[in-house]
Amino acid sequence: MEHIPTWLIGSLIFLTSAVIVVPVSKALGLGSIIGYLAAGILIGPWVLGLVTNVETILHFAEFGVVLMLFLVGLELEPDRLWKLRGPIFGWGGAQMAVCTAVIMGAALLLGISWRTALVAALGLALSSTAIALQVMRERNLLGTTSGQAAFGMLLFQDVAAIPILAVLPLLGADAAGGAPAEASHQLLEAAKIIGVIGGIIIGGRLLIRPALRWIARSDTPEIFTAASLLLVVAIAALMQVVGLSMALGAFLAGVLLSESEYRRELETDIEPFKGLLLGLFFIAVGMSIDFGVLMSRPWQILGI
């Protein structure tokens, strides 16, 4: 074992656990997500302890969620997305408002300060886009009315996360008795966000499509695959620089390219990477579950 590279051992552990546990989970009718989570728990620090660098793997595997949102965007043409504005802002806004109000109210009744209650309520009102979309895909629900409504809620949550993150420092400054963040700094951050989103929209229309045509003319499939991945990686990095959701940026880029003649090629090239990285993401989530907290406060966690 001492002559085998660490990355090769890690790959062997992840692939073996997924290949064994996920088919068993599917056979039992539990779905692939439960299988991936169970595989992560099994090889994680609380059971076999075969993998310990959970945070590093989780950050890397999050790119699977980014690829998934890019592919979802490719399936939604701008006209179709505009038709979803009702579910996005209507159902999405209602879900966030109701969940936040209920959770915050319960926290206030327990004597928790309003700032802490608000932060907790806003966080708990958000859902896991990765898990929800994967479950809906497996059950072919995305094309249904309820699936579209659920997708609208998820998309609204991704957008709402931006102002939520902007508000949190202000709550902290208030609690500490200090002055709110400088208005000029907030305006600068807002300008950056608008500039990046505008750049993605304009670039998608004027630059990305001609670049894909030029690359396709080289008639080198592996280079087109590399260009597809480069496109998503570059947009994700750009969004990360300005503190926005990488998945939201990838989704926006997918929508802009949904009318491109290379839409099918992009889907075909990215789908295998998305599937593997998304599986790795769920395994990493399973590994990151803190069973120490669960065992120390089982009834409190069950109650929550």
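That block above? That's the structure.
Since we're looking at a predicted model, the values are computed, not measured.

1. Structural notes on the overall build of the chain
So, point 1. In terms of regular secondary structure, the chain is built from 15 helices and zero strands.
So, point 2. Whereas a compact globule of 304 residues would reach a radius of gyration of roughly 19 Å, the chain reaches 21 Å, a difference of no more than 12%.
So, point 3. By its C-alpha atoms, the chain is 65 × 55 × 40 Å across when sized along the principal axes.
So, point 4. Taken over 304 residues, the chain has a buried fraction of 39%.
So, point 5. Here the analysis covers contacts within the chain between residues at least 6 apart in sequence; of these, 76% occur between residues at least 24 apart.
So, point 6. Accessible surface computed for the chain: about 16,900 Å², of which carbon and sulfur atoms make up 70%.
So, point 7. Positive and negative side-chain charges of the chain, numbering 16 and 20 respectively, have mean locations separated by a distance of 8 Å.

2. Section: a nonpolar patch on the surface
So, point 1. Together, L42, W46, V47, L48, L50 and M295 make up an exposed nonpolar region whose accessible area comes to about 600 Å².
So, point 2. As for its placement among the helices and strands, M295 is situated in helix α14 (residues 291-296).
So, point 3. You can call M295 exposed: its relative accessible area is 57%.

3. Considerations on helix α12 (residues 246-256)
For an α-helix the count is 3.6 residues per turn, leaving residues at separations of three or four pointing the same way.
So, point 1. Burial within α12 is extensive, with nine of its 11 residues counted as buried.
So, point 2. All of the buried residues in α12 are A247, L248, G249, A250, F251, A253, G254, V255 and L256.

4. Considerations on the packing of aromatic side chains
Note on aromatic pairs: each is described by the distance of the centres and the angle between the planes.
So, point 1. For the structure shown, the criterion picks out five aromatic pairs.
So, point 2. Ring pairing ties together the aromatic residues Y36, F281 and F282, which thus form one cluster.

5. Describing the side chain of Q157
So, point 1. Position of Q157 relative to the elements: it lies in helix α9 (residues 145-175).
So, point 2. Accessibility expressed as a relative area gives 4% for Q157, which makes it buried.
So, point 3. If we skip the residues at most four places from it in the chain, Q157 touches Q95, M96, A125, L126 and S127.

6. Things to note about the nonpolar core
So, point 1. Core analysis: the largest hydrophobic core is formed by 80 residues, its most contacted members being F70, L133, F151 and M287.
So, point 2. Setting aside residues no more than four positions away along its own chain, L133 makes contact with M68, L69, V72, L142, F151 and L154.

7. Side note on the packing of helix α11 (residues 221-241) against α12
So, point 1. Two elements in contact, α11 and α12, have axes whose closest approach is 8 Å; the angle formed by their N-to-C orientations is 135°. By the angle between their directions, the pair α11 and α12 is classed as oblique. Crossing angle aside, the handedness with which α11 passes α12 is right-handed. Between α11, through V232, I235, A236, M239 and Q240, and α12, the contact on the second element is made entirely by M246, L248, G249, A250 and A253.
So, point 2. In terms of residue class, the contact of α11 with α12 is made up of eight nonpolar, two polar and no charged.

8. Points about the pattern of salt bridges
So, point 1. For the structure shown, the criterion picks out four salt bridges.
So, point 2. Across the salt bridge formed by R213 and E261, the nearest N and O atoms sit 2.6 Å from each other. Of this pair, R213 sits in helix α10 (residues 183-216) while E261 sits in the loop between α12 and α13 (263-288), and the two are 48 residues apart along the sequence.
So, point 3. Look at R213 and you get partly exposed, because its relative accessible area is 32%.
So, point 4. Salt bridges sharing common partners tie together R263, R264 and E267.

About the thresholds
- Residues numbered from 1 in each chain as written.
- Predicted model: local features only at pLDDT ≥ 70, side-chain atom pairs only at ≥ 80, totals over all residues.
- Heavy atoms only, no water.
- Helix = DSSP H or I, 4+ residues; strand = E, 2+ residues; numbered from the N terminus.
- Rg over C-alpha atoms; globule rule 2.2 N^0.38 Å.
- Buried < 20%, exposed > 50% of the residue type's maximum accessible area, 1.4 Å probe, protein only.
- Contact = heavy atoms within 4.5 Å.
- Areas by Shrake-Rupley, 256 points an atom, 1.4 Å probe, with all protein chains shown as cover.
- Lys, Arg positive; Asp, Glu negative; His and termini not counted.
- Charge placed at Lys NZ, Arg CZ, Asp CG, Glu CD.
- Patch = residues over 30% accessible without salt bridge, like charges linked within 9 Å, V, L, I, M, F, W, Y side chains within 5 Å.
- Salt bridge = Lys/Arg side-chain N within 4 Å of Asp/Glu carboxyl O.
- Phe/Tyr/Trp six-rings, centres within 6.5 Å; stacked < 30°, edge-to-face > 60°.
- Core = buried A, V, L, I, M, F, W, Y, C linked by side-chain atoms within 4.5 Å.
- Axes fitted to C-alpha atoms, helices over the stretch in contact; angles between N-to-C directions.
- Parallel < 35°, antiparallel > 145°, perpendicular 65-115°, else oblique.
- Left-handed = near helix turned anticlockwise from the far one by under 90°.
- Nonpolar A, V, L, I, M, F, W, Y, C, P; charged D, E, K, R; others polar.

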